[in-house]
Amino acid sequence: MFENKYIIDTDENRKFLSGNAGQLLEFGRKFPSKTGGSCYLGSDGTPMKDRDRETWITARMLHVYSIGSMQGIEGCKALAEKALMGLAGELRDNENGGWFAGRRADGSIVPTKQCYAHAFVILASSSAYLAGIAGAEELLKDALGTFDKYFWDEQEGLCRDTWNTEFTVLDPYRGLNANMHTVEAFLATADALRDERYRIRAGRIIRRVVGWAEENDYRIPEHFTEDWKPDLEMNIEKKDDPFKPYGATPGHGIEWARLITQWSLSSSASSSLLSSKNKISTNSTQKEIISEDEKKQMISTACQLYERAVSDAWNADGAEGLVYTTDWNGKPVVRDRMHWVLAEAINTSAVLYRVTGEAKYAEDFSKFMKYLDTKVMDKKLGSWYHQLDENNNVKGTVWPGKPDLYHAFQAMLIPYSDPELSIAYFLL
C-alpha cells in the first residue's frame, strides 16, 4: 500500500511535488556565470567553474527559471534574465549564426553546432517569451530562423543533427534524440506563438518515429545513417558510449509516448486550443486537424511505447529502478539508472492516466514516486542524484554532480498540467 504522498490527485501528493519543485529552484540558484552562461552544478549546487558552460544547460536553466518566474517565485525572473544574457551573448555565434556548443572555462568556444542544443534554445526562449522576459521574443525569432535554415529538413520531415561551427560541413550522423527534443520545442512554439506550422512539423517527425517503432517491436531506433536508415548495431563494440549508446533507450520510448500524446490531443478537433482565447498570439496560422481515428491510434501507440519501455527497464535486473539501455530483445545492456529516465516515467505515467483513466498508470506513478523519494532524491545536499548504478549507489561516470534542473523540475509540474499543452503555456 502506497503512502498518500505517492498517490496522484491526493493533497499530499500535490504538496510533495510542489515542495520538491521549490527545492529544485532553490538548489540551482548559483548557476549563472558572470557572462550569463550556465555553470555546470556540482553535487551541492556549487558551480563547477572548470567545466564548460554549455548552451543546452543554459537553455534548460532559462526554461526552468522562466517557469519559476511565471509562478511568481522570488528571484526567478532575474535568474532567467541572466541565462538569456548568456544565450544572447557569449554563447551566440555572431559571425556564423546560431549557438556554439558552449564555452570552455578559458573562454574559448566548444566547436560544432548541435540540433539538440538549438532545440533547447527554442524551448527556452518560447518559455521566456510567455514569462515576459526582456529579449525573449527576439531570441525566439532568431532561434527559429537558424533552425529553419540549417536543421529542419523539409523533404524528410526530420532534423539534421550536427554541423561544424561555420555551418559549412554537415555530419552524416542522424539521430532521434535531437528530433525528440525538437518535437518538444516545436509544440511549445506552436502553443506560444499560435504558429501551427511547428505543430505540423512535430507531427511529421512523430509519424516517422511511430513507423520505426512499429518495425522494432516498439523499441525505437536511436541512430541512423545519412539517408535515414536505422543503424541498430551502432557502437555495439562500445555499448556504454555516453552520447550514442548501443541499443534501445527505454527512457526515450517513455518520453516519446508523452510527446506523441500531447501532439495527438492538441491536433485533434476536440482540442481546447481551437477555442483558446489566444493568451498570446503573434503569428496565428491554420491548424492541421487529425481524425479521431488517428488520435486514438496515436494514443494507443503511445501506450504501447510506454508499456514496452517500462516492461523492459523497470526492475530488469532484480533491483528497483529503470535501466538506461537494452538490446533489441529488451535485455539490459547499461544497467545504470539515470535521473531523467525516472522523471519522464513520472510524467508519462501521469499523462496516460489522465488520458485513459486506467488505474495501472496511476499505480506506476505511485511506484515511481516512492522510488524517487527513497532512492533518487538527495535529502542531504538537494536536487536528485543524476546517476545511480545497478544497486542504486551514486555514480558519476556520465553525470558527475547535478548539472541542471530541467527533467526533475518538469516532473514536479507535468503530472498536474493539461496533457495537450506545453508546460509554460499551461501556466499562463
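Residues numbered from 1 in each chain as written. Predicted model: local features only at pLDDT ≥ 70, side-chain atom pairs only at ≥ 80, totals over all residues. Heavy atoms only, no water.

Chemist: Explain the overall build of the protein chain to me, and be specific about the residues and the numbers.
Modeler: If you tally the helices and strands in the protein chain, you get 13 helices and 13 strands. Relative to the globule expectation of 22 Å for 428 residues, the C-alpha radius of gyration of the protein chain, 20 Å, shows essentially globular dimensions. Oriented by its inertia axes, the alpha-carbon framework of the protein chain measures out at about 55 × 50 × 50 Å. Looking at the protein chain as a whole, 60% of its 428 residues qualify as buried. (Helix = DSSP H or I, 4+ residues; strand = E, 2+ residues; numbered from the N terminus. Rg over C-alpha atoms; globule rule 2.2 N^0.38 Å. Buried < 20%, exposed > 50% of the residue type's maximum accessible area, 1.4 Å probe, protein only.)

Chemist: Outline unusual backbone geometry, supporting the account with residue identities and numerical values.
Modeler: Within the chain, phenylalanine 167 stands out as a residue other than glycine whose phi angle is a positive 60°. At tryptophan 228, a residue that is not glycine, the phi angle is positive and equals roughly 65°. Mapped onto the fold, tryptophan 228 is located in the loop between strand 11 (223-224) and helix 8 (250-266). Judged by its relative accessible area of 6%, tryptophan 228 falls in the buried class.

Chemist: Tell me about the nonpolar core, and name the residues and values.
Modeler: Formed by 132 residues in total, the largest nonpolar core has its most connected members in Tyr65, Trp256 and Trp384. Here tryptophan 384 is in contact with Leu24, His339, Ala343, Ile346, Leu372, Val376, Met377, Asp378, Lys402, Ala408, Ala411 and Met412, once residues within four sequence places are set aside. (Core = buried A, V, L, I, M, F, W, Y, C linked by side-chain atoms within 4.5 Å. Contact = heavy atoms within 4.5 Å.)

Chemist: So what's going on with the layout of surface pockets? Which residues, and what values?
Modeler: Space inside the largest pocket adds up to approximately 1300 Å³. What lines the largest pocket is a set of 48 residues, and nearest its centre among them are Tyr116, Asn177, Pro242, Phe243 and Trp399. The dominant element in the lining of the largest pocket, judged by the number of residues it contributes, is helix 6 (residues 176-193), at 5 residues. Here the lining of the largest pocket is composed, by residue class, of 20 nonpolar, 14 polar and 14 charged. Around the second largest pocket, the lining residues are Arg14, Leu17, Ser18, Ala21, Gly22, Gln71, Met412, Leu413, Tyr416, Ser417, Phe426 and Leu427. Of the residues that constitute the lining of the second largest pocket, the class distribution is 7 nonpolar, 4 polar and 1 charged. (1 Å grid on protein atoms, 1.4 Å probe; cavity = no way out; pocket = protein on both sides within 12 Å on 5 of 7 lines; lining within 4 Å. Points joined across faces, edges and corners; volume = space filled by probe spheres on them. Nonpolar A, V, L, I, M, F, W, Y, C, P; charged D, E, K, R; others polar.)

Chemist: Got a sec to walk through the pattern of salt bridges? Specific residues and values, please.
Modeler: Throughout the structure, instances matching the rule amount to 33 salt bridges. Across the salt bridge formed by arginine 207 and glutamate 288, the nearest N and O atoms sit 3.6 Å from each other. In this pair, arginine 207 sits in helix 7 (residues 197-215) while glutamate 288 sits in the loop between helix 8 and helix 9 (292-313), placing the two residues 81 residues apart along the sequence. Look at arginine 207 and you get partly exposed, because its relative accessible area is 32%. Owing to a relative accessible area of 27%, glutamate 288 belongs among the partly exposed residues under this scheme. Among the charged side chains, a salt-bridge network with shared partners connects Asp191, Glu196, Arg199 and Lys287. (Salt bridge = Lys/Arg side-chain N within 4 Å of Asp/Glu carboxyl O.)

Chemist: So what's going on with the sheet that holds strand 5 (residues 109-110)? Residues and values would help.
Modeler: Taken in spatial order, the 3 strands of this open sheet run 3-4-5, and their pairing is antiparallel. In this open sheet, the two edge strands, each paired with only one partner strand, are strand 3 (53-54) and strand 5. (Pairing = 2+ DSSP bridges.)

Chemist: Go over the packing of aromatic side chains with me, naming the residues and quoting the values.
Modeler: For the structure shown, the criterion picks out 21 aromatic pairs. Between the aromatic rings of tryptophan 163 and phenylalanine 167, the centroid separation amounts to 6.0 Å while the plane-to-plane angle is 70°, which identifies the pairing as edge-to-face. Looking at tryptophan 163, the relative accessible area reads 14%, which means it is buried. Put simply, the rings of Phe147, Tyr150, Phe151, Trp152, Trp163, Phe167, Phe186 and Tyr198 touch in pairs and so form one group of aromatic residues. Against the face of phenylalanine 16 rests lysine 5, its NZ or CZ located 5.3 Å from the ring centre. Geometry around tyrosine 173 places lysine 244 over its ring, the cationic atom sitting 3.9 Å from the centre. (Phe/Tyr/Trp six-rings, centres within 6.5 Å; stacked < 30°, edge-to-face > 60°. Lys NZ or Arg CZ within 6 Å of the ring centre and 35° of its normal.)

Chemist: Tell me what's going on with the packing of helix 1 (residues 11-27) against helix 11 (residues 359-376), and back it up with residues and numbers.
Modeler: In a pair of packed helices, the angle between the axes and the distance between the axes together describe the arrangement. Put simply, helix 1 and helix 11 touch, their axes get as near as 13 Å, and they point 45° apart. Comparing their axes, helix 11 and helix 1 come out oblique. In this structure, helix 1 crosses over helix 11, and the sense of that crossing is left-handed. Contacts between helix 1 and helix 11 involve Asn13, Phe16 and Leu17 on the former and, on the latter, Phe365, Met369 and Asp373. Residues of the contact of helix 1 with helix 11, tallied by class, amount to 4 nonpolar, 1 polar and 1 charged. (Axes fitted to C-alpha atoms, helices over the stretch in contact; angles between N-to-C directions. Parallel < 35°, antiparallel > 145°, perpendicular 65-115°, else oblique. Left-handed = near helix turned anticlockwise from the far one by under 90°.)

Chemist: Got a sec to walk through helix 7? Specific residues and values, please.
Modeler: Counted at 1.5 Å a residue, the expected span for helix 7 with its 19 residues is 27 Å, and the 28 Å between its end C-alpha atoms agrees. For helix 7, every residue scored as buried is listed here: Tyr198, Arg199, Arg201, Ala202, Gly203, Ile205, Ile206, Val209, Val210, Trp212 and Ala213. Phi turns positive, to about 55°, at aspartate 217, one or two residues after helix 7. (Expected span 1.5 Å × (residues − 1).)

Chemist: Quick one: what's the story with empty space enclosed by the protein, residue by residue and with numbers?
Modeler: Taken as a whole and assessed by the stated rule, the structure comprises 3 cavities of 30 Å³ or more. Its volume calculated, the largest cavity comes out at about 200 Å³. As for the largest cavity, its lining consists of 21 residues, and the residues nearest its centre are Arg258, Gln262, Leu421, Ser422 and Ile423. Among the secondary structure elements, those contributing two or more residues to the lining of the largest cavity are helix 4 (115-131), helix 6, helix 8 and helix 13 (423-426). In terms of residue count, the dominant contributor to the lining of the largest cavity is helix 4 (4 residues).

Chemist: Break down the packing of helix 6 against helix 7 for me, citing the residues and quoting the values.
Modeler: Interhelical geometry of helix 6 versus helix 7 gives an angle of 150° and a closest axis separation of 8 Å. Taken together, helix 6 and helix 7 sit at an angle that is classed as roughly antiparallel. Of the two elements, helix 6 crosses helix 7, and the hand of that crossing is left-handed. Touching Leu176, Asn179, Thr182, Val183, Phe186, Leu187, Thr189, Ala190 and Asp191 of helix 6 are Tyr198, Arg199, Arg201, Ala202, Ile205, Ile206, Val209 and Trp212, all from helix 7. Along the lines of polarity and charge, the residues of the contact of helix 6 with helix 7 split into 11 nonpolar, 3 polar and 3 charged.

Chemist: Please give an account of helix 8 that cites residues and values.
Modeler: An ideal rise of 1.5 Å per residue puts 24 Å on 17 residues; helix 8 measures up with 25 Å between its terminal C-alpha atoms. Of all 17 residues that make up helix 8, 17 are buried, and the element is covered over most of its length.

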